[in-house]
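If you want the building blocks of each chain, they are given just below.
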Amino acid sequence: MADTSEHGTERPDQGKPLHVAGAIRAATEQLTELLAQPVEAVSACERHENGGSSVWRLSVEVLELPRVPDTMSLLASYEVEVDDHGVLIGYRRARRYERGRVDRR
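All figures in this text were calculated on a predicted structure; none of them were measured in a lab.

Participant: Teacher, can you tell me more about the nonpolar core here?
Facilitator: The nonpolar side chains of soluble globular proteins are, as a tendency, buried together. Of all hydrophobic cores here, the largest spans 15 residues; its most connected members are Leu31, Leu58, Tyr78, Val80 and Val82. Ranked by the residues each element gives to this core, the list is headed by helix H1 (residues 20–35), at 5 residues. Every residue in contact with Tyr78, bar those within four places of it in the chain, is listed here: Leu31, Leu35, Leu58, Ser59, Val60, Val62, Glu64, Tyr91, Arg92, Arg93 and Ala94.

Shown next as structure tokens:
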């Protein structure tokens, strides 16, 4: 049975830690709600220990400004943290880029 957080976001059972798909689902749903922008993709997802509890860290690509042609649309990469119960605990925009640009790393 799912629990509901104080913000109305549905969470998995409190006693069960999240699996990768659950962490991705929780992060993308909550980030979409907060930013009012569509999530394009999740480019990374890792679980880290944080003082006895687990935290999921994700890199999420968000469409910030659609343009024509689509290759000129502005996207942003967000670093997102979700706790082991699916609650978003932090996010920040790491970079902004045009869809048609390739990283020069």
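Participant: Would you explain the side chain of Ser73 in this entry?
Facilitator: With respect to the helices and strands, Ser73 occurs in the loop between strand S4 (53–65) and strand S5 (74–83). A residue is classified by how much of its surface remains accessible, and Ser73, at 0% relative accessible area, is buried. Aside from chain neighbours lying at most four places away, what touches Ser73 is Leu63, Leu65, Pro66, Arg67, Tyr97, Glu98 and Arg99.

Participant: Is there a simple way to explain H1 in this structure?
Facilitator: Given 3.6 residues per turn, any residue in an α-helix points the same way as the ones three and four places further on. Taking 1.5 Å of rise per residue, 16 residues should cover 22 Å, and H1 covers 22 Å from first to last C-alpha, within 8% of that figure. Within H1 the residues assigned to the buried category are Gly22, Ala23, Ala26, Ala27, Thr28, Gln30, Leu31 and Leu35. Remark: Ala36 follows H1 within two positions and exhibits a positive phi of approximately 55°.

Participant: Quick question: what am I supposed to make of the packing of aromatic side chains here?
Facilitator: Given two aromatic rings, one states the distance between the centres and the angle between the planes to describe the pair. In the structure shown here, the tally under the stated rule is 1 aromatic pair. Seen from their ring centres, Tyr78 and Tyr91 are 6.1 Å apart, and the 50° between their planes marks the pair as tilted. Remark: Tyr91 occurs in strand S6 (residues 88–98) and Tyr78 occurs in strand S5; sequence separation between them is 13 residues. Overall, the relative accessible area of 37% leaves Tyr91 in the partly exposed class.

Participant: Where do I start with the pattern of salt bridges in this structure?
Facilitator: A side chain of one charge can pair with a side chain of the opposite charge if their charged atoms are brought near each other. Inspection of every chain in the model, using the stated rule, returns 8 salt bridges. With a closest N to O distance of 2.9 Å, Glu98 and Arg101 form a salt bridge.

Here is what the cut-offs are and how they apply
Residues numbered from 1 in each chain as written. Predicted model: local features only at pLDDT ≥ 70, side-chain atom pairs only at ≥ 80, totals over all residues. Heavy atoms only, no water. Core = buried A, V, L, I, M, F, W, Y, C linked by side-chain atoms within 4.5 Å. Buried < 20%, exposed > 50% of the residue type's maximum accessible area, 1.4 Å probe, protein only. Helix = DSSP H or I, 4+ residues; strand = E, 2+ residues; numbered from the N terminus. Contact = heavy atoms within 4.5 Å. Expected span 1.5 Å × (residues − 1). Phe/Tyr/Trp six-rings, centres within 6.5 Å; stacked < 30°, edge-to-face > 60°. Salt bridge = Lys/Arg side-chain N within 4 Å of Asp/Glu carboxyl O.

Geometric values such as these leave the question of function open.
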